[in-house]
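Each chain is listed here by its residues.
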8 protein chains.
Amino acid sequence: GFAKVDHHRALRKGFPEVVFCQGKTTGQVVEIVRRLCGNNRTVLATRAGREVYEAVRAVFPDAVYSELARTIVVYRGERPQPKGNVLVMSAGTADLPVAEEAAVTAEVMGNHVRRCYDVGVAGIHRLLDKLDLIRWAHVIIVVAGMEGALASVVAGLAEQPVIAVPTSIGYGASFHGLAALLTMLNSCASGIGVVNIDNGFGAAALATAITRLMARPE
Amino acid sequence: GFAKVDHHRALRKGFPEVVFCQGKTTGQVVEIVRRLCGNNRTVLATRAGREVYEAVRAVFPDAVYSELARTIVVYRGERPQPKGNVLVMSAGTADLPVAEEAAVTAEVMGNHVRRCYDVGVAGIHRLLDKLDLIRWAHVIIVVAGMEGALASVVAGLAEQPVIAVPTSIGYGASFHGLAALLTMLNSCASGIGVVNIDNGFGAAALATAITRLMARPE
Amino acid sequence: GFAKVDHHRALRKGFPEVVFCQGKTTGQVVEIVRRLCGNNRTVLATRAGREVYEAVRAVFPDAVYSELARTIVVYRGERPQPKGNVLVMSAGTADLPVAEEAAVTAEVMGNHVRRCYDVGVAGIHRLLDKLDLIRWAHVIIVVAGMEGALASVVAGLAEQPVIAVPTSIGYGASFHGLAALLTMLNSCASGIGVVNIDNGFGAAALATAITRLMARPE
Amino acid sequence: GFAKVDHHRALRKGFPEVVFCQGKTTGQVVEIVRRLCGNNRTVLATRAGREVYEAVRAVFPDAVYSELARTIVVYRGERPQPKGNVLVMSAGTADLPVAEEAAVTAEVMGNHVRRCYDVGVAGIHRLLDKLDLIRWAHVIIVVAGMEGALASVVAGLAEQPVIAVPTSIGYGASFHGLAALLTMLNSCASGIGVVNIDNGFGAAALATAITRLMARPE
Amino acid sequence: GFAKVDHHRALRKGFPEVVFCQGKTTGQVVEIVRRLCGNNRTVLATRAGREVYEAVRAVFPDAVYSELARTIVVYRGERPQPKGNVLVMSAGTADLPVAEEAAVTAEVMGNHVRRCYDVGVAGIHRLLDKLDLIRWAHVIIVVAGMEGALASVVAGLAEQPVIAVPTSIGYGASFHGLAALLTMLNSCASGIGVVNIDNGFGAAALATAITRLMARPE
Amino acid sequence: GFAKVDHHRALRKGFPEVVFCQGKTTGQVVEIVRRLCGNNRTVLATRAGREVYEAVRAVFPDAVYSELARTIVVYRGERPQPKGNVLVMSAGTADLPVAEEAAVTAEVMGNHVRRCYDVGVAGIHRLLDKLDLIRWAHVIIVVAGMEGALASVVAGLAEQPVIAVPTSIGYGASFHGLAALLTMLNSCASGIGVVNIDNGFGAAALATAITRLMARPE
Amino acid sequence: GFAKVDHHRALRKGFPEVVFCQGKTTGQVVEIVRRLCGNNRTVLATRAGREVYEAVRAVFPDAVYSELARTIVVYRGERPQPKGNVLVMSAGTADLPVAEEAAVTAEVMGNHVRRCYDVGVAGIHRLLDKLDLIRWAHVIIVVAGMEGALASVVAGLAEQPVIAVPTSIGYGASFHGLAALLTMLNSCASGIGVVNIDNGFGAAALATAITRLMARPE
Amino acid sequence: GFAKVDHHRALRKGFPEVVFCQGKTTGQVVEIVRRLCGNNRTVLATRAGREVYEAVRAVFPDAVYSELARTIVVYRGERPQPKGNVLVMSAGTADLPVAEEAAVTAEVMGNHVRRCYDVGVAGIHRLLDKLDLIRWAHVIIVVAGMEGALASVVAGLAEQPVIAVPTSIGYGASFHGLAALLTMLNSCASGIGVVNIDNGFGAAALATAITRLMARPE
Ligand SMILES: Nc1ncnc2c1ncn2[C@@H]1O[C@H](COP(=O)(O)O)[C@@H](O)[C@H]1O
Ligand SMILES: Nc1ncnc2c1ncn2[C@@H]1O[C@H](COP(=O)(O)O)[C@@H](O)[C@H]1O
Ligand SMILES: Nc1ncnc2c1ncn2[C@@H]1O[C@H](COP(=O)(O)O)[C@@H](O)[C@H]1O
Ligand SMILES: Nc1ncnc2c1ncn2[C@@H]1O[C@H](COP(=O)(O)O)[C@@H](O)[C@H]1O
Ligand SMILES: [Mg+2]
Ligand SMILES: [Mg+2]
Ligand SMILES: [Mg+2]
Ligand SMILES: [Mg+2]
Ligand SMILES: [Mg+2]
Ligand SMILES: [Mg+2]
Ligand SMILES: [Mg+2]
Ligand SMILES: [Mg+2]
């Protein structure tokens, strides 16, 4: 039968259920979280404002909120298998919410996560001071708005896969992230995969799909 | 000193030197290939027309040409370490050149490669017949033009990383690959990294950055 | 004389008068509804917020409101001729307002309507479980935002006409529905007609133009 | 099993196999036509230049070519069931190739087809002289480039479904059909479904999906 | 000296001074109006909200406000020379503010103005009932959003200059007036000049530049 | 009857028939010209290459060709009524073909035409030397590519209607005339109507619609 | 070591530290300003609303605020070396905030600054009256929205470097500054460098990089 | 009189006359060069193919051609005043034609020019090896296609003005230079002025406007 499609489910053990809060009412989010936790699965809610968190906490007092990442996590069931090392780098402070969405998601999905923020290419020495961190990583998530050039420089320094997240940070000719997106797609460095503008969650999900491979029985 | 930047070079052993022929004269390509082969490195030339191949073959009679992929390979030095399983899927026959550029590159970089072509989403059963192939893969490269929807469906069926390559195939509102590119960036399935339109090479390079991790000493 | 242009008016019997509330004041909407009902015609108001509904209900206590679809219906005169079976499918929960605008409109115009929501292509088995519904339909309306790939998959499974409605749901490179629109226009499946972004009403009107043909004396 | 997906195949009886020649070599097209005719199915090849036709005719001397539509038809097996009346209208003479691609396709698929060309909106009386033709049609295909306004005017005059095909005809701010495409998507008349720029084939396929309904056993 | 540049000033007699209120504070607008009226010139303020009007009226109790057009007029000095007949047509009710901005401006500039609203091309007979109005006009201003097709049809019916004003009315693929703008630029009818999206004022200024010619001593 | 639509035909006396050669075969053009001349009407063919001209001349030895404007004129019947003074200005030498298309068309349509070329805004004194010419004109056609700023400066110097023609001249961020088009639409000077990119013919047709008014019996 | 990168630091003496307030909380801005002033460096904060200023002033009572430029300056340490003459020109009053951001920045960075506002190209004589100012300048910053043509005219009058700042002022087809940006990039006058839309700060920083050269020991 | 506009002409001494060959016939170019040389001015022709050069050389045997830059120079009159040091950097080999157009132009205009090519950001150490060159320069021209990130990195390392030239090199989502253009406009490094895509000439002209200041009597 078609159930075979889900044959990898075992590998997913500990992978959280995810709720994308944008466009949902607070009531809907609470209801969904309640249902999912009932399955004894960890639940990650993204794009969650503080009032959504308050409502979730009223039901699950152990819910963990990140103001910056706008994420809520309710841990349940067994923890995910240890996977790999994910480094999250960002160019500017305004990119932090997206970077933190990626970092929190990667953690919840069972990765070791380190952050390396504010290393924009206009001060290249700040980046060059971080070569040890780059070596440590199995996968690198690069979050950058405005001109988005950080992904190219990092991918030039690293052999590992680089996941590039353009952000909507900027003004004028940044066109809400389009400039950074195009920069990343046209990178002259190889080894870069790009996700949607501001999609920190998606970057971490792809990173986890990669680190999961390292634990997979051949 | 700064040479440490290249500390991963050992891992790269067997990684080919690459020549991007587009925008270079035949003479320039031959000259570059000659120099690189002198270093006893395998050389991969992409976007190479037949006349470029003829000129290279005059110097290196063992050069291997793929008319479809428009690639030339001159094998030298030691073979790359065995890495992982890369599946290349494509939606339509017109996407084959890009799919083959990806497949040839992935092979030259030391991966096991399988092809699964002509499985566009308009005939979903063709795709569902290939679940075994999907299970086999460590990384899946999805090549699709026109509406580019194949990446979403495949990423929904697979846990592994999916690398999506939009192609410039189509006409009218495909806007030379823009439609497929946007589709892939907006996928509701997670685990997808996108590369530039028609960039089969880049997809394979990212796939190799991923499969290389599996062999890497922790 | 030119009146002949309206020779099909008989066929239209029961076709509602329609008010597009966006950009009109509450007072204007009430005034228009009052005038149209005076003609003993059923009136459908779309893009109507709750306060508009309250004002209409003060005059027509039997007005029916759908919060989700943002539609008001005041039934008058004879019911429309029975026409055909219209299936409304949608990819994500955020697409529901547009899907419901289509569903309510198709009902008011005299069609049998069924809904099949939350069948995005990232979980293709959910869609494959619905083949009976697809068979039942004479016309299928597919509502999808983000990458909009659902229309292609459905049109590949069905012989019937498919009306594709891109929605403005998404963020970043969805560009307010542009990505979904382009996907649908470039579909490799045939038998698809596309309407404007978020135009649930227009999809239902086209569906009715089609189902009306089935009742038409040859 | 999954074969049920094809349960409508009976209805398709007489529906031709289609080859899209753009991007295929002459040799490939001949080979595909040969294989398909072997199945005793009528074959329609679109986007076929004269030299492709010559090569097909060498094998199938009864192949029928339309220089204008750039279509080749090789009739085989039983003729399609009679379906409905399809009217193809076009705004300018430069739109004829697309209009003819639609007309030939609709004929091969078993419809009665009439043409009504050169009725652009800048001379509205030419269009108003054709009200009888409009009444005759079950489905109307409107082909128009430049500003593409014809679809709105026709859909305002007709109750039947209108399929709008923007063409890439024009220059400057027509942006290769984008202007006409946007016009048609934003039409203030209802009952219009839009297909890709220059996609005469797709318009006829959708028209046939509609006319087929009229013959379908309820 | 350079003053010769202003040699036409005599002809301009009665031409109002104009204040574009958008982006100015209420205080700034009042100050500017005060200064200009001091020159004994009629002042026209466009894009003026009600609170701006209240503030102006406190100083000039004879100021005339149009809520719909968002214009304020303070008449001073001699009236402009009689010029010509300007017809303002619009497609939909949502276009009225722009149409009225054009109509009020044309009046203040000394033209005879007639309005002909709600004559969208989806109901072409409504337009054909207005041929007498079209004949009356020296210049026709056509205001239309969504698909903007009205300009083409009118220009096809009329020999006189047509000034087309696209409006930002619409949603989805109207892209804030871009669709209507492109339609108008690509019109297959000749004799059309296009102004910026929503620029009712500019249309009337151009119309007046034209009607002024009729009074000009040869 | 509907013939009333053509009630202005008398005014059109002497207005030429026009053939737009782009996208027509030489044979088609010759055939159309032959038919139109048979009506004793002057014929203007635009976008005509030299070989088209040769073919027309073989039939009408008195055909007049402009290599630069790419126009053919065959004079027949009575000359158009004298109308007004049209000044054609252009910014750069590369804009000349479009400027000449406008100038030749305006002449054939019965206007007095003067040219004032190579007066780009980067050398403003060249333009200021031409104030007499500006004063002479009833209508000014401004043809400019690249940044298209000439229209604003001219409209600032002149009271008369200005018709702005963006051209596709330029490279890079001129985007085939888009930059010039946007410049002209956003002009801070009033009294400007814009036509399609490279549409010299359309500018002259609008100019003639204006100058015709001056001769029109009130 | 890498410190050599900063060898020009001496030249920078007196160059302010800069805080970009957009996207930062008031608390963050105050904290950063406090830290930077601790280094005895002058601090310039841009894109600062009044409430940010109030909070900064509570700590640094000598902070200087410009409501129009939205800048805060806290002077500390030694004053910058005298550099050169910077002229800031703007086309319309709505461009003033950007022009003032440029002017204040240029002053803080040690330049002599003069302003020349409201000299749009639609009234060219206003600009021609300012030739003395143009002669005075070493660098000219031109700030313009809508069609942005001022940069071309100024660069045509001046030999000095011109820095063009497109602004987002305008509506409709100005597309939030895109029209002005394209105009400036395509200028037919040479000697123009363009910065991002609304980037008054960046223009002044570039101007200072230029004027600094004049003081630099050869 | 207006001649005062040219008061800087003395400073321009030695500045070449420039012919932009694109869109001109060989005959026209030769004619213009002949006329300009007659004025005893050095002439620089850009965008000149080899056959144009051959024709110019037939008249001026001392004409100097650069195949790569596509420039012709005929030296006449006195040499330009020595100005400053201009460094031209480029990211990839495909950018060389644009880089050389800049370099040749800067030389002809009297600057000391050095080249530093193939220093793309994907191999950052190559760039870091060139800090001495960066220190040497008064002005730096950065030429880069694809993602165009080089300008940001260089401007971060240098205090001097940086002139960024996006090139049309790349494919797919580079959109003919748009990606590089946006990158450069959005740079997080300050001190960058951007010119049009592929406009090497314009970059050198701006560089010269800057270096000229250094020689200017205060
Ligand atoms: N920030 C995000 N951006 C894009 N997709 C997300 C994000 N967060 C969660 N998702 C996706 O949203 C899905 C849940 O969507 P929903 O069922 O609408 O709550 C998850 O399975 C994720 O694939
Ligand atoms: N003119 C056309 N435009 C778009 N799609 C077409 C056209 N003609 C045929 N097709 C589609 O192309 C398919 C065949 O493609 P292929 O297998 O590549 O030859 C058909 O099933 C049609 O759906
Ligand atoms: N250069 C041009 N650009 C746009 N439209 C033109 C041009 N020249 C002629 N036309 C139009 O083309 C019509 C003739 O088109 P056709 O019947 O296809 O030859 C004329 O009535 C004009 O309105
Ligand atoms: N490569 C180039 N790109 C843009 N403008 C150029 C280029 N080369 C020369 N120019 C400009 O073209 C002008 C000469 O144009 P023209 O008179 O048409 O030959 C020169 O004054 C330059 O400002
Ligand atoms: Mg790398
Ligand atoms: Mg997956
Ligand atoms: Mg189908
Ligand atoms: Mg209709
Ligand atoms: Mg007309
Ligand atoms: Mg004017
Ligand atoms: Mg200059
Ligand atoms: Mg710098």
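Residues numbered from 1 in each chain as written. Chains lettered and ligands numbered in written order. Predicted model: local features only at pLDDT ≥ 70, side-chain atom pairs only at ≥ 80, totals over all residues. Heavy atoms only, no water.

*Asks:* Describe the overall build of chain A, listing the residues and the values that go with them.
*Replies:* Along its length, chain A carries eight helices and nine strands. Over its C-alpha trace chain A gives a radius of gyration of 18 Å, about what one expects of a compact globule, namely 17 Å for 218 residues. If one aligns the C-alpha atoms of chain A with their principal axes, the spans along those axes are about 50 × 45 × 35 Å. Classification of the 218 residues of chain A by burial places 64% in the buried group. Within the structure as shown, chain A displays about 7,500 Å² of accessible surface, and the carbon and sulfur contribution to it stands at 52%. If you average the places of the 22 positive and of the 19 negative side-chain charges in chain A, the two averages end up 7 Å apart. (Helix = DSSP H or I, 4+ residues; strand = E, 2+ residues; numbered from the N terminus. Rg over C-alpha atoms; globule rule 2.2 N^0.38 Å. Buried < 20%, exposed > 50% of the residue type's maximum accessible area, 1.4 Å probe, protein only. Areas by Shrake-Rupley, 256 points an atom, 1.4 Å probe, with all protein chains shown as cover. Lys, Arg positive; Asp, Glu negative; His and termini not counted. Charge placed at Lys NZ, Arg CZ, Asp CG, Glu CD.)

*Asks:* Would you mind going over the sheet that holds strand β1 (residues 17–20) of chain A in detail, with residue names and values included?
*Replies:* All names here are of chain A. Spatially, the four strands line up as an open sheet ordered β1-β2-β4-β3, and their pairing is mixed. A strand with exactly one partner marks an edge of an open sheet, and here the two such strands are β1 and β3 (64–66). Averaged over all pairs of adjacent strands, the angle between their axes in this sheet comes to 15°, without regard to strand direction. The sheet contacts of helix α1 (residues 26–38) involve β1, β2 (43–46) and β4 (71–74), and relative to β1 the element is tilted by about 175°. Running at roughly 15° to β4, helix α2 (residues 50–59) makes contact with β3 and β4 of the sheet. (Pairing = 2+ DSSP bridges. Axes fitted to C-alpha atoms, helices over the stretch in contact; angles between N-to-C directions. Contact = heavy atoms within 4.5 Å.)

*Asks:* Please provide a residue-by-residue account of the packing of aromatic side chains, values included.
*Replies:* In this description, an aromatic ring pair is defined by two values, namely the gap between the centres and the angle between the planes. Applying the stated criterion to the full structure yields 16 aromatic pairs over all chains. In this arrangement the basic side chain of Arg-114 of chain D is found over the ring face of Trp-136 of chain D, its NZ or CZ atom lying 4.4 Å from the centre. For the cation-ring pair, Arg-79 of chain F lies above Tyr-75 of chain F, with the distance from its terminal atom to the ring centre recorded as 4.0 Å. (Phe/Tyr/Trp six-rings, centres within 6.5 Å; stacked < 30°, edge-to-face > 60°. Lys NZ or Arg CZ within 6 Å of the ring centre and 35° of its normal.)

*Asks:* Go over the packing of helix α1 (residues 26–38) of chain D against helix α2 (residues 50–59) of chain D, please, and point to the residues and values.
*Replies:* How two helices sit against one another is set out by the angle between their axes and by the gap between those axes. Residue and element names in this part refer to chain D. Interhelical geometry of α1 versus α2 gives an angle of 40° and a closest axis separation of 9 Å. One way to sum up the angle between α1 and α2 is to call them oblique. Crossing geometry of α1 relative to α2 is assigned as right-handed. Here α1 contributes Thr-26, Val-29, Val-30, Val-33 and Arg-34 to the contact with α2, which in turn contributes Glu-51, Val-52, Ala-55, Val-56 and Val-59. Classifying every residue of the contact of α1 with α2 by side-chain character gives seven nonpolar, one polar and two charged. (Parallel < 35°, antiparallel > 145°, perpendicular 65-115°, else oblique. Left-handed = near helix turned anticlockwise from the far one by under 90°. Nonpolar A, V, L, I, M, F, W, Y, C, P; charged D, E, K, R; others polar.)

*Asks:* Tell me about the site of ligand 1, residues and numbers included.
*Replies:* Around ligand 1 sit Val-18, Val-19, Phe-20, Lys-24, Thr-46, Arg-47, Glu-101, Asn-199 and Phe-201 of chain A together with Tyr-171 of chain C, and that is every residue in its neighbourhood. More than one chain reaches ligand 1: its neighbouring residues belong to chains A and C. In this structure, an oxygen atom belonging to ligand 1 sits 2.7 Å away from a side-chain N or O atom of Lys-24 of chain A. Taking Glu-101 of chain A, its side chain carries an N or O atom lying 3.1 Å from a nitrogen atom of ligand 1. (Near = heavy atom within 4 Å. Polar contact = N/O pair within 3.5 Å; in protein donor to acceptor, adjacent residues only side chain to side chain.)

*Asks:* Just give me the short version of the state of the cysteines, but keep the residues and values in it.
*Replies:* All chains considered together, the criterion is met by zero disulfides over all chains. Note on Cys-188 of chain F: no disulfide assigned, nearest cysteine sulfur contributed by Cys-116 of chain G at a separation of 15 Å. Looking at Cys-37 of chain G, it has no disulfide partner, and the nearest cysteine sulfur is the one in Cys-21 of chain G, 12 Å off. Judged by relative accessible area, Cys-37 of chain G falls into the buried class, the value being 7%. (Disulfide = S-S within 2.5 Å.)

*Asks:* Lay out the coordination of the magnesium ion (ligand 5) in plain terms, naming residues and giving numbers.
*Replies:* Donor atoms from the polypeptide that bind the magnesium ion (ligand 5) are Ala-155 of chain A (O) and Ala-158 of chain A (O), placed at 2.2 to 2.3 Å. An identical accessibility class is assigned to Ala-155 of chain A and Ala-158 of chain A; each is buried. (Donors = N, O, S within 2.8 Å, 3.2 Å for Na, K, Ca; no water.)

*Asks:* How would you summarise the coordination of the magnesium ion (ligand 7) if you had to cite specific residues and measurements?
*Replies:* Donor atoms from the polypeptide that bind the magnesium ion (ligand 7) are Ala-155 of chain C (O) and Ala-158 of chain C (O), placed at 2.1 to 2.2 Å. Under the relative-accessibility criterion, Ala-158 of chain C is labelled buried at 6%.

*Asks:* Please give an account of the arrangement of the chains that cites residues and values.
*Replies:* Between chain B and chain E there is no contact, and the shortest C-alpha to C-alpha separation is 13 Å. Separated without contact, chain B and chain F have their nearest C-alpha atoms at a distance of 15 Å.

*Asks:* Got a sec to walk through the environment of Tyr-117 of chain G? Specific residues and values, please.
*Replies:* All names here are of chain G. Summarising the element assignment, Tyr-117 is placed in the loop between β6 (112–116) and α5 (124–128). C-alpha separation for the pair Tyr-117 and Leu-127, spaced ten residues apart in sequence, amounts to 9.6 Å. Ignoring anything within four residues of it in the chain, the contact list for Tyr-117 reads Val-88, Met-89, Ser-90, Leu-96, Ala-99, Glu-100 and Ala-103. Within the local environment of Tyr-117, its side chain forms a polar contact with the side chain of Glu-100, the two groups lying 2.7 Å apart.

*Asks:* Tell me about the site of ligand 2, residues and numbers included.
*Replies:* Every residue near ligand 2 is listed here: Tyr-171 of chain B together with Val-18, Val-19, Phe-20, Lys-24, Thr-46, Arg-47, Glu-101, Asn-199 and Phe-201 of chain D. More than one chain lines the surroundings of ligand 2; the residues nearby belong to chains B and D. Thr-46 of chain D is positioned such that a nitrogen or oxygen atom in its side chain is 2.7 Å from a nitrogen atom of ligand 2. In the complex, the protein chains occlude 72% of the 500 Å² of accessible area that ligand 2 would expose alone. With three residues, strand β1 (residues 17–20) of chain D is the single largest residue contributor to the shell around ligand 2. Partitioned by chemical class, the residues of the shell around ligand 2 number five nonpolar, two polar and three charged.

*Asks:* Describe unusual backbone geometry, naming the residues involved and giving the relevant values.
*Replies:* One non-glycine residue, Arg-47 of chain D, lies in positive phi territory at about 55°. Here Arg-47 of chain D is to be found in the loop between β2 (43–46) and α2. Residue Arg-47 of chain D is classed as buried on the basis of its relative accessible area of 14%. The phi dihedral of Asp-118 of chain E is positive, around 65°, even though this residue is not glycine. Relative to the helices and strands, Asp-118 of chain E is located in the loop between β6 (112–116) and α4 (124–128). Judged by relative accessible area, Asp-118 of chain E falls into the partly exposed class, the value being 36%.

*Asks:* If you had to explain helix α7 (residues 178–185) of chain F to someone new, which residues and values would you point to?
*Replies:* Counting buried positions along α7 of chain F gives seven out of eight residues, so the element sits mostly inside the fold. Those residues of α7 of chain F that fall on the buried side of the exposure criterion are Ala-179, Ala-180, Leu-181, Leu-182, Thr-183, Met-184 and Leu-185 of chain F.

*Asks:* So what's going on with the sheet that holds strand β3 (residues 64–66) of chain F? Which residues, and what values?
*Replies:* Residues and elements named next belong to chain F. If you walk across this open sheet you meet the four strands as β1-β2-β4-β3, and the pairing is mixed. Of all the strands in the sheet, the pair left with one neighbour each is β1 (17–20) and β3. Within this sheet the neighbouring strands show an average axis-to-axis angle of 15°, counted without direction. The pairing of strand β2 (residues 43–46) with strand β4 (residues 71–74) spans three bridges and is antiparallel. Pairing of Ala-45 across the sheet is with Ile-72, part of β4.

*Asks:* Please give an account of the side chain of Ser-90 of chain D that cites residues and values.
*Replies:* Along the chain, Ser-90 of chain D falls in strand β5 (residues 85–90). Those residues in contact with Ser-90 of chain D, other than ones at most four positions away along the chain, are Asp-95, Leu-96, Ala-99, Cys-116, Tyr-117, Asp-118, Val-119, Val-143 and Leu-150 of chain D.

*Asks:* Explain the pairing of strand β4 (residues 71–74) of chain C to me, and be specific about the residues and the numbers.
*Replies:* When a strand is regular, its side chains alternate between the sheet's two faces. Residues and elements named next belong to chain C. Judged by which residues are buried, β4 turns out to be covered on both faces: Thr-71 and Val-73 on one side and Ile-72 and Val-74 on the other are all buried. With three bridges joining them, strand β3 (residues 64–66) and β4 adopt antiparallel strand pairing. Paired with Ser-66 across the two strands is Thr-71, which belongs to β4. In this antiparallel pair of consecutive strands, β3 and β4, the connection spans four residues, and Arg-70 shows a positive phi of 60°.

*Asks:* Would you mind going over the pattern of salt bridges in detail, with residue names and values included?
*Replies:* Overall, the coordinates contain 95 salt bridges over all chains when judged by the stated rule. Its salt-bridge partner being Arg-115 of chain C, residue Glu-107 of chain C comes within 2.9 Å of it at the nearest N-O pair. You can call Arg-115 of chain C partly exposed: its relative accessible area is 33%. Measuring nitrogen to oxygen at the nearest pair gives 3.3 Å for the salt bridge that ties Glu-54 of chain D to Arg-50 of chain D. (Salt bridge = Lys/Arg side-chain N within 4 Å of Asp/Glu carboxyl O.)

*Asks:* Any chance you could break down the environment of Val-139 of chain F for me, citing the residues and the numbers?
*Replies:* Among the structural elements, Val-139 of chain F can be located in strand β7 (residues 139–144). Separated by 88 residues in sequence, Val-139 of chain F and Glu-51 of chain F place their C-alpha atoms 34 Å apart. Apart from residues no more than four positions distant in its own chain, Val-139 of chain F is found in contact with Leu-213 of chain E together with Asn-85, Val-86, Leu-87, Pro-161, Ile-163, Ala-207, Ile-210 and Thr-211 of chain F.

*Asks:* Describe the packing of helix α3 (residues 96–108) of chain E against helix α8 (residues 200–215) of chain E, and please don't skip the residues or the numbers.
*Replies:* All names here are of chain E. Interhelical geometry of α3 versus α8 gives an angle of 35° and a closest axis separation of 7 Å. Between α3 and α8 lies a crossing of right-handed hand. Counted together, Val-98, Glu-101, Ala-102, Thr-105 and Ala-106 of α3 and Gly-200, Phe-201 and Ala-204 of α8 form the full contact between these two elements. Of the residues that constitute the contact of α3 with α8, the class distribution is five nonpolar, two polar and one charged.

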